[in-house]
Amino acid sequence: MMMKQTLLLCALATTSVSAFAPVVVPTTSSSSSLHLFGKAKAGPTASKLADDALAIYDATYTRAGEGNTFYDAPDATLKTSFNILAKIYGEDETLDMVKIQPGILAYKSSNFEPSFDAWGEIYGVEETKGMVMRNPNLLSISPAKAATSDGLTMQMSYVVSVTRPLGKFGLVGLLALVATPAIEGATGLELPFHALRTHSGM
């Protein structure tokens, strides 16, 4: 009888201890298009700055929301683009990019994350953020094209940023100045930019 009671008490004690033991849940790993962030992919959350971005967009483009032109996109599409970009680059940073180039909201939003990942593998996460913020038009590039980027893409982002205050002809003029020696050497002609280059020491 004593033996049976002892066995019963041992069984009850074991059951009580097991009740407080942590439950082990098997985990599985999965790849993510935002693996560079070290977290699982999640859908974009609605940003409070999306409306501000739309106001900037509408001040630049005329749209009816019927898709008649490339920039004639409905609010939902534009807000989705903003929210995805805000998740990658940050809300304030994305709004700054919209101020530079409002049209980025009409770009193919499904390209934003995979293109970012492709650049991140080449340049690094923070460097990629800086590059795209300097030249938001890079957001129009497909992931396949982004994967073939080289040092020139990064360098040109600085050039675009520096020449932006000069207007849309600033970059064209700078490239013309740089290219003048090659053009003159190939054609034997002295271009109008030659005197400017000589005076500037370029």
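Higher on the page you've got the structure.
Everything in this summary refers to the structure shown in the same document.

**Comments concerning the overall build of the protein chain**
The helix and strand inventory of the protein chain stands at 10 helices and zero strands. Along its sequence from the N terminus, the protein chain presents helices and strands in the succession α-α-α-α-α-α-α-α-α-α. At a minimum sequence separation of 6, the contacts of the protein chain that also span at least 24 residues come to 63%. With the model as given, the accessible surface of the protein chain reaches about 12700 Å², and the carbon-plus-sulfur share is 63%.

**Details of the packing of helix α3 (residues 75–89) against helix α5 (residues 112–123)**
Packing of α3 against α5 leaves a shortest axis separation of 10 Å and a crossing angle of 25 degrees. Compared by their axis directions, α3 and α5 come out roughly parallel. Here α3 and α5 pass one another in a crossing that is right-handed. Contacts between α3 and α5 pair S81, I84, L85, K87, I88 and Y89 from the former with F112, E113 and F116 from the latter. Here the contact of α3 with α5 is composed, by residue class, of six nonpolar, one polar and two charged.

**Regarding the nonpolar core**
In a soluble, globular protein the nonpolar side chains are often hidden away together inside. In terms of nonpolar packing, the biggest core is built from 33 residues, with F82, Y89 and L139 touching the most fellow members. Among the secondary structure elements, those contributing two or more residues to this core are α2 (50–60), α3, α4 (91–100), α5 and α6 (125–134). The element best represented in this core is α3, accounting for seven residues.

**Focus on the environment of V160**
Relative to the helices and strands, V160 is located in helix α8 (residues 151–163). By relative accessible area, V160 is classed as buried at 16%. A C-alpha to C-alpha distance of 6.4 Å links V160 and N135, two positions 25 residues apart in sequence.

**Digging into the side chain of T163**
Structurally, T163 can be placed in helix α8. From its side chain, T163 meets the backbone oxygen of V159 in a polar contact 2.8 Å long. At a separation of 3.4 Å, a polar atom in the side chain of T163 contacts the main-chain carbonyl oxygen of V160.

**Section: the packing of aromatic side chains**
Within this structure, the stated rule accounts for five aromatic pairs. On the numbers, 4.9 Å between centres and 50 degrees between planes, the contact of Y57 with Y61 is tilted. The buried category is assigned to Y57, whose relative accessible area is 0%. Their ring planes at 85 degrees and their centres at 4.9 Å tell us that F70 and Y71 sit as a pair that is edge-to-face. Clustering of aromatic rings is evident, with ring pairs tying together Y57, Y61, F70, Y71 and Y107. Across the ring face of Y158, the terminal group of R134 is positioned such that the distance to the ring centre comes to 3.7 Å.

**Looking at the pattern of salt bridges**
Scanning the entire structure with this criterion turns up five salt bridges. Close ionic contact of D75 with R63 constitutes a salt bridge, the shortest N to O distance being 2.5 Å. A residue pair is termed long-range when its members are at least 10 positions apart, and D75 in helix α3 and R63 in the loop between α2 and α3 qualify at 12 residues. K129 is the salt-bridge partner of E126, the closest N and O atoms lying 3.9 Å from each other. Taken together, the positions of E126 and K129, both in helix α6 and three residues apart, correspond to about one turn of that helix. Assessed through its relative accessible area of 17%, K129 is described here as buried. Taken together, the shared-partner salt bridges in this structure form one network comprising D58, R63 and D75.

Definitions and cut-offs
- Residues numbered from 1 in each chain as written.
- Predicted model: local features only at pLDDT ≥ 70, side-chain atom pairs only at ≥ 80, totals over all residues.
- Heavy atoms only, no water.
- Helix = DSSP H or I, 4+ residues; strand = E, 2+ residues; numbered from the N terminus.
- Contact = heavy atoms within 4.5 Å.
- Areas by Shrake-Rupley, 256 points an atom, 1.4 Å probe, with all protein chains shown as cover.
- Axes fitted to C-alpha atoms, helices over the stretch in contact; angles between N-to-C directions.
- Parallel < 35°, antiparallel > 145°, perpendicular 65-115°, else oblique.
- Left-handed = near helix turned anticlockwise from the far one by under 90°.
- Nonpolar A, V, L, I, M, F, W, Y, C, P; charged D, E, K, R; others polar.
- Core = buried A, V, L, I, M, F, W, Y, C linked by side-chain atoms within 4.5 Å.
- Buried < 20%, exposed > 50% of the residue type's maximum accessible area, 1.4 Å probe, protein only.
- Polar contact = N/O pair within 3.5 Å; in protein donor to acceptor, adjacent residues only side chain to side chain.
- Phe/Tyr/Trp six-rings, centres within 6.5 Å; stacked < 30°, edge-to-face > 60°.
- Lys NZ or Arg CZ within 6 Å of the ring centre and 35° of its normal.
- Salt bridge = Lys/Arg side-chain N within 4 Å of Asp/Glu carboxyl O.

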